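A closer look at the structure
The lines below spell out each chain.
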Amino acid sequence: MKVIGTVGLPGSGKGEAAAVAREAGVPVVTMGDVIRKACRERGFDPAEHHGEMAKTLREEDGPAAIAERSLPMIESELEESDVVLVDGLRSDVELDRFREAFGDDFHLVSVEAPFETRADRLLERGRDDTDLDREALREREERELGFGMGEVMDRADVVVRNTDSLEAFRERVRAILDEDLDRIGGDDYVQVRTAGGAP
Ligand SMILES: Nc1ncnc2c1ncn2[C@@H]1O[C@H](COP(=O)(O)OP(=O)(O)OP(=O)(O)O)[C@@H](O)[C@H]1O
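Thresholds applied
Residues numbered from 1 in each chain as written. Predicted model: local features only at pLDDT ≥ 70, side-chain atom pairs only at ≥ 80, totals over all residues. Heavy atoms only, no water. UniProt positions renumbered as here; feature names shortened; annotations may be inferred. 1 Å grid on protein atoms, 1.4 Å probe; cavity = no way out; pocket = protein on both sides within 12 Å on 5 of 7 lines; lining within 4 Å. Points joined across faces, edges and corners; volume = space filled by probe spheres on them. Helix = DSSP H or I, 4+ residues; strand = E, 2+ residues; numbered from the N terminus. Nonpolar A, V, L, I, M, F, W, Y, C, P; charged D, E, K, R; others polar. Axes fitted to C-alpha atoms, helices over the stretch in contact; angles between N-to-C directions. Parallel < 35°, antiparallel > 145°, perpendicular 65-115°, else oblique. Left-handed = near helix turned anticlockwise from the far one by under 90°. Contact = heavy atoms within 4.5 Å. Near = heavy atom within 4 Å. Polar contact = N/O pair within 3.5 Å; in protein donor to acceptor, adjacent residues only side chain to side chain. Areas by Shrake-Rupley, 256 points an atom, 1.4 Å probe, with all protein chains shown as cover.

- Looking at an unreviewed UniProt entry, one finds the protein named UPF0200 protein OS889_01330 and attributed to Halobellus rubicundus.
- The annotation that UniProt attaches to the protein under Sequence similarities (unreviewed entry) is "Belongs to the UPF0200 family."

Written out as structure tokens, the structure reads:
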């Protein structure tokens, strides 16, 4: 059994990593889905109330609220699949909760790319208005760092630098899912944390 969590700033490539997992038959539990579900349960439009609902859930049930609500979803996927990917951790409290639940079977992957690279890719993606607005991106980034995302990235088991081509990134994600780190060994783009040391 293996649960792989991803963390990364906006536009770093978490969605692509999740898409690679799905293509490989690995189920994906998205933390955002937990929030969307809570919106629907309470009669709010997830498109409008996503950020607000994340805050409300944390206020009501504590900082691990979203991780807590995703646990049954992950456990149910683990009944069918040996590997599950959890998309988009935000805070160290969430990381602690997953480590408590899954121990050494939980592996955290940090997807990293510089601001300018991410901003250009988001411009290209154009999923919504914030993708097109560098200031909005900075604000979103600051909000996410405010939830402790930087600390989570520092504690990752594996760091993938997504500064190369999309195909190269997808191949690195496939190798991580296969745990075939030899395939990417000696690669400047992937660093595996050794016990107690920085990656
Ligand atoms: N190596 C790459 N080369 C070119 N484009 C890339 C690369 N990696 C990701 N992209 C593209 O950049 C955009 C952002 O990536 P993605 O949606 O995976 O980011 P994300 O981390 O999920 O962002 P968010 O948190 O905002 O949803 C996407 O359109 C994706 O296809």
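1. Remarks on the layout of surface pockets
- Its volume calculated, the largest pocket comes out at about 1,300 Å³.
- Taken together, 41 residues line the largest pocket, and the ones lying closest to its centre are Lys 14, Arg 90, Arg 125, Arg 127 and Arg 140.
- Put simply, the parts of the chain that give the lining of the largest pocket at least two residues each are α1 (14-23), α2 (31-41), α3 (46-61), α6 (115-125), α7 (129-132) and α8 (134-146).
- With nine residues, the top contributor of residues to the lining of the largest pocket is α3.
- For the lining of the largest pocket, the residue count by class is 10 nonpolar, 13 polar and 18 charged.

2. Observations regarding the packing of α1 against helix α10 (residues 166-177)
- For the pair α1 and α10, interaxial distance at closest approach is 9 Å and the crossing angle is 55°. Taken as axis vectors, α1 and α10 run oblique relative to one another. As for how α1 packs across α10, the hand of that crossing is right-handed. For the pair α1 and α10, contact is made by Glu 16, Ala 17, Ala 19, Val 20, Ala 21 and Glu 23 and by Leu 166, Phe 169, Arg 170, Val 173, Arg 174 and Leu 177, respectively.

3. Overview of the site of the ligand
- As a matter of local geometry, the ligand sits amid 16 residues, with Lys 14, Gly 15, Glu 16, Arg 125 and Asn 162 nearest to it.
- At 2.8 Å, a side-chain N or O of Lys 14 approaches an oxygen atom of the ligand.
- Glu 16 places a side-chain nitrogen or oxygen 2.5 Å from an oxygen atom of the ligand.
- Computed on the free molecule, the ligand has an accessible area of 640 Å², of which 83% lies beneath the protein chains in the complex.
- Only α1 and α6 provide two or more residues apiece to the shell around the ligand.
- Among the elements that make up the shell around the ligand, the one with the highest residue count is α1 (three residues).

4. With respect to empty space enclosed by the protein
- What the rule picks out here adds up to two cavities of 30 Å³ or more.
- Taken as a whole, the largest cavity encloses approximately 70 Å³ of empty space.
- Sorting the residues of the lining of the largest cavity by element identifies β1 (2-7), β4 (106-112) and α10 as the ones contributing at least two each.
- It is α10 that contributes the most residues to the lining of the largest cavity, three residues altogether.
- Partitioned by chemical class, the residues of the lining of the largest cavity number nine nonpolar, one polar and no charged.
- Computed from the structure, the second largest cavity encloses a volume of approximately 30 Å³.
- Looking at the second largest cavity, the residues that line it are Ala 119, Leu 123, Asp 131, Leu 132, Asp 133, Arg 134 and Leu 137.
- Here the lining of the second largest cavity is built from residues that sort into four nonpolar, no polar and three charged.

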